[in-house]
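# Structural features, examined
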Amino acid sequence: MRINNKKLKNRKKLLLDFVSNKEYQPMRAKDIAMLLQIPKGKRSELFQVLDELEAEGKIICKKGRYEKVRKIATVKTGSPELSEGTFIAHPKGFGFVELEDQEEDLYIPQDDTMGAFHKDRVQVKVKEEQTGQRREGTIVQILGHGITEVVGTFEKSKNYGFVIPDNQKIQQDIFIPREHTLGANDGDKVVAKITSYGGKNKNPEGRVQEVLGAQGAPGIDVLSIARAYELPMDFPVKVANQADRVPDHVIEGDFQGRMDLRNWTVVTIDGEDAKDLDDGISLTKDGNIYHLGVHIADVSNYVQGGSALDREALRRGTSVYLVDRVIPMLPRRLSNGICSLNQGEDRLALSCLMDIDAQGNVISHKIAETVICVDRRMTYTAVKKILEGDGDLRREYQDFVPLFHHMKELSAILRKKRSNRGSIDFDFPESKVFLDEMGRPVEIKAYEQNVATKIIEDFMLLANETVAKEYCEREIPFLYRTHENPDSDKMEKVLTFIRNQDIPVHKSHEEITPLEVQEILNEIEGEPTEPLISRLLLRSMKQARYTTGCSGHFGLAAKHYCHFTSPIRRYPDLQIHRIIKETIRGRMNQEKKMYYAQILGDVADKTSTLERRAEEVERETVKLKKAEYMETRLGQNYEGIISGVTGWGLYVELPNTVEGLVHISTLMDDYYQFDEEAYCLVGEKTGHTYRLGQKVTVKVSQVDLSTKSIDFILKEENSCFNKYMDWED
């Protein structure tokens, strides 16, 4: 049956806009039908629309795939120069080359990739004629391979096998000869070493070098992600042996030259499941002066610079906290044993002892090598309940109740002082995923800060600032935690949006100050748009990193800042502990200064990179478990808020922190345009608007575990093309 003219005109416009979307890649008709969920009985109508558009010269079918006909704008770029960069593949065959020292990457069409592998180092030539809005290039030479191992699923045949990569950017399966299958069974998760990268018409070849386990077995999914990021899982024998030789108690000789603080009242406050306790707190009050001690495990006493333990710690850079396990920076014998400030055990520490006045100013301080003995191992939950008046817990810990109240009092003073100078408080809840014994997610909750977590955060921040200030002023080579000022263009775009919401923006200089950002956050506190504007502001900022120069921390509005308080799980902290101890002992001579000046730049760069890797793999494992959790809830309705708006749809976040996409193709009551400046979708006919922060009801429509993605549909809409086909003007 032919579509009437009115419907045909409307559908042609919708379909043309669909293929014109910048996210669209050429598709077959059946793929378009599947994506738009067109029932089989209606697909003849889709073909009619496609035929009409093709006859009008608005779309073209190449090799069975439909795409928009683009007008070629010839742009002369002069004589083409060769550049080097990293190839980032796309699952659909094309890719991008990230060029050094250039913000804009280079688009590489599928026919111009030269068979490059994801993360290959390549030489690329910019095309003289540009056909689109972004620069295009051609790969002319592959200089080196960035990926040598692939994690994936083994598919077994009679005389050979294939590894289907988990990473969808690796587009070809890896051929495995029979003699190199390592006994892997069909469906096993494996790690394959690539021995040949193949070519245009030849698959890469490899050998299975590790069988992780059967697909679906508990923990194998998370392990596969960790191995794909090349996280070191086991400690080398030499490192393990060195850890085994470390004593499990403080030996008498280690007390020499240290302040003995074992008669001080010291507590640790951590999460219930924490086992590596690297910070203890002491606090007394004398009139209006608080005497705060932040006591940090002296890991450097047991991990000597240049030792096998130290080299492995630097190779790891940080402990990685995955959804179902911790991959520690140091062997557990150290991290959970002699280096952990366990209750009732003598422990070596590096203590920052601070005298603080009623306004939160550090009026004097001392950094000392100490020995301590923790009186109580407390949890955030218990301290929170005590401070809220829980009778049973107050009786159980009656000797410590005054201490906790002094902590709360000082914490509030420090927080107010930081806020007054402009420290930016982004209070985003973290995701807490609860798993059963099979590794399946059974609950996801927003894990928010409470009074106890804030106490520890405030004390750690103060110690980090105090230590950084001393070493910056003494001009001793050091590692600092630096957060640079935001990019002006990115920030201005967000500020324009905020102004358009009738929210006052006070900006005294060309670059916004932390205090001015904090004023915006104060202005929107409690408003529906608060979490979304906070996110936009956060995304416009740069990432913090480790540097050898002390240039301050924008987010904290701090002139001096470092990481001093977590040497069990962060290498920079361990490194600066050595510098501090050399200084305390009077050994920081010119030769030592030169040595540290030479090595610290490399340590800063390496640990910054390893920190990014840890954050990414942690995020990926949480995304996987969120997708698994929602897969069991298909068809269920949830209240959520719009957390992101793009040209391809709306992102909606649920109260449990799960986020999913409402694709624009499922919004069938109107044709929606993306207003980039206002971060909203606007209906062309009705004027109906979807904005950041808006409350909506969604239904879970689809989950893809391979991409860890969750799709929602708005409850008011139906995510199916038959409604689209029936849509009237």
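Now for a look at the structure at hand.

The rules behind the values
- Residues numbered from 1 in each chain as written.
- Predicted model: local features only at pLDDT ≥ 70, side-chain atom pairs only at ≥ 80, totals over all residues.
- Heavy atoms only, no water.
- Helix = DSSP H or I, 4+ residues; strand = E, 2+ residues; numbered from the N terminus.
- Rg over C-alpha atoms; globule rule 2.2 N^0.38 Å.
- Buried < 20%, exposed > 50% of the residue type's maximum accessible area, 1.4 Å probe, protein only.
- Contact = heavy atoms within 4.5 Å.
- Lys, Arg positive; Asp, Glu negative; His and termini not counted.
- Charge placed at Lys NZ, Arg CZ, Asp CG, Glu CD.
- 1 Å grid on protein atoms, 1.4 Å probe; cavity = no way out; pocket = protein on both sides within 12 Å on 5 of 7 lines; lining within 4 Å.
- Points joined across faces, edges and corners; volume = space filled by probe spheres on them.
- Nonpolar A, V, L, I, M, F, W, Y, C, P; charged D, E, K, R; others polar.
- Pairing = 2+ DSSP bridges.
- Phe/Tyr/Trp six-rings, centres within 6.5 Å; stacked < 30°, edge-to-face > 60°.
- Core = buried A, V, L, I, M, F, W, Y, C linked by side-chain atoms within 4.5 Å.
- Axes fitted to C-alpha atoms, helices over the stretch in contact; angles between N-to-C directions.
- Disulfide = S-S within 2.5 Å.

Moving on, we get to the overall build of the chain. Assigned secondary structure in the chain consists of 17 helices and 33 strands. For 729 residues, the compact-globule formula gives about 27 Å, and the C-alpha radius of gyration of the chain, at 29 Å, lands near that figure. In terms of its C-alpha atoms, the chain occupies a principal-axis envelope of roughly 90 × 65 × 55 Å. Here the chain, with 729 residues, has 49% of them falling under the buried criterion. In the chain, once contacts between residues fewer than 6 apart in sequence are set aside, the share between residues at least 24 apart is 67%. Across the chain, the 103 positively charged side chains and the 117 negatively charged ones have centroids separated by 3 Å.

Okay, the layout of surface pockets next. Reported here for the second largest pocket is a volume of approximately 580 Å³. Lining the second largest pocket are 23 residues, with Asp427, Phe428, Pro429, Glu530 and Pro531 sitting closest to its centre. For the lining of the second largest pocket, the elements supplying multiple residues, two or more each, are helix 13 (514-524) and helix 14 (530-539). For the lining of the second largest pocket, the leading source of residues is helix 14, giving four residues. Considered class by class, the residues forming the lining of the second largest pocket number 10 nonpolar, four polar and nine charged.

Looking down a regular strand, the side chains alternate between one sheet face and the other. In this structure, strand 15 (residues 279-286) lies alongside strand 16 (residues 289-297), joined through eight bridges in antiparallel fashion. Bridge pairing in strand 16 links Gly280 to His295. Hairpin remark: strand 15 followed by strand 16, antiparallel, with two residues in the connecting loop; positive phi at Gly287, about 65°.

So, about the packing of aromatic side chains. In the structure shown here, the tally under the stated rule is 12 aromatic pairs. Seen in terms of ring centroids, Phe94 and Tyr107 are 5.6 Å apart; in terms of plane orientation they differ by 50°. Their pairing is tilted. Of this pair, Phe94 sits in the loop between strand 3 (82-89) and strand 4 (95-99) while Tyr107 sits in strand 5 (residues 106-108), and the two are 13 residues apart along the sequence. Centroid distance Tyr595 to Tyr596: 5.1 Å. Interplanar angle 65°. Geometry classified as edge-to-face.

Take the side chain of Glu582 next. Mapped onto the elements of the fold, Glu582 is located in helix 15 (residues 571-584). The class for Glu582 is buried, based on a relative accessible area of 14%. The residues touching Glu582, leaving out its near neighbours within four places in the chain, are Arg587, Met588, Lys592 and Tyr596.

Okay, the nonpolar core next. Leu292, Phe404, Met407, Phe459 and Phe564 are the most contacted members of the largest nonpolar core, which totals 83 residues. Considering each element in turn, this core owes the most residues, 10 residues, to helix 11 (residues 451-473). Among all residues touching Met407, those that are not within four sequence positions of it are Val267, Ile269, Ile281, Leu283, Ile455 and Phe459. Core analysis: the second largest hydrophobic core is formed by 57 residues, Ile533, Val617, Met630 and Ile664 among them.

On to empty space enclosed by the protein. According to the stated counting rule, one finds two cavities of 30 Å³ or more in the structure shown. Here the largest cavity defines a volume of roughly 60 Å³. Lining the largest cavity are Asn485, Pro486, Asp487, Ser488, Met491, Lys507, Glu510, Glu511 and Ile512. Classifying every residue of the lining of the largest cavity gives three nonpolar, two polar and four charged. Within this model, the second largest cavity holds a volume of roughly 40 Å³. Surrounding the second largest cavity, Leu231, Pro232, Arg316, Thr318, Val320, Ile327, Pro328 and Arg613 form its lining. Here the residues of the lining of the second largest cavity sort into five nonpolar, one polar and two charged.

This next bit is on the sheet that holds strand 31 (residues 689-691). What the three strands build is an open sheet, ordered 29-30-31; its pairing is antiparallel. Of all the strands in the sheet, just strand 29 (672-675) and strand 31 have a single pairing partner and so form its edges. Pairwise comparison of adjacent strand axes, ignoring direction, gives a mean angle of 20° for this sheet. Of the strand pairs in this sheet, strand 29 and strand 30 (residues 680-683) are connected by four bridges, and their pairing is antiparallel. Directly across from Phe674, in strand 30, lies its bridge partner Leu681.

In this section: the state of the cysteines. All told, the structure shown has zero disulfides when counted by the stated rule. Lacking any disulfide linkage, Cys373 is separated from the closest cysteine sulfur, that of Cys339, by 16 Å.

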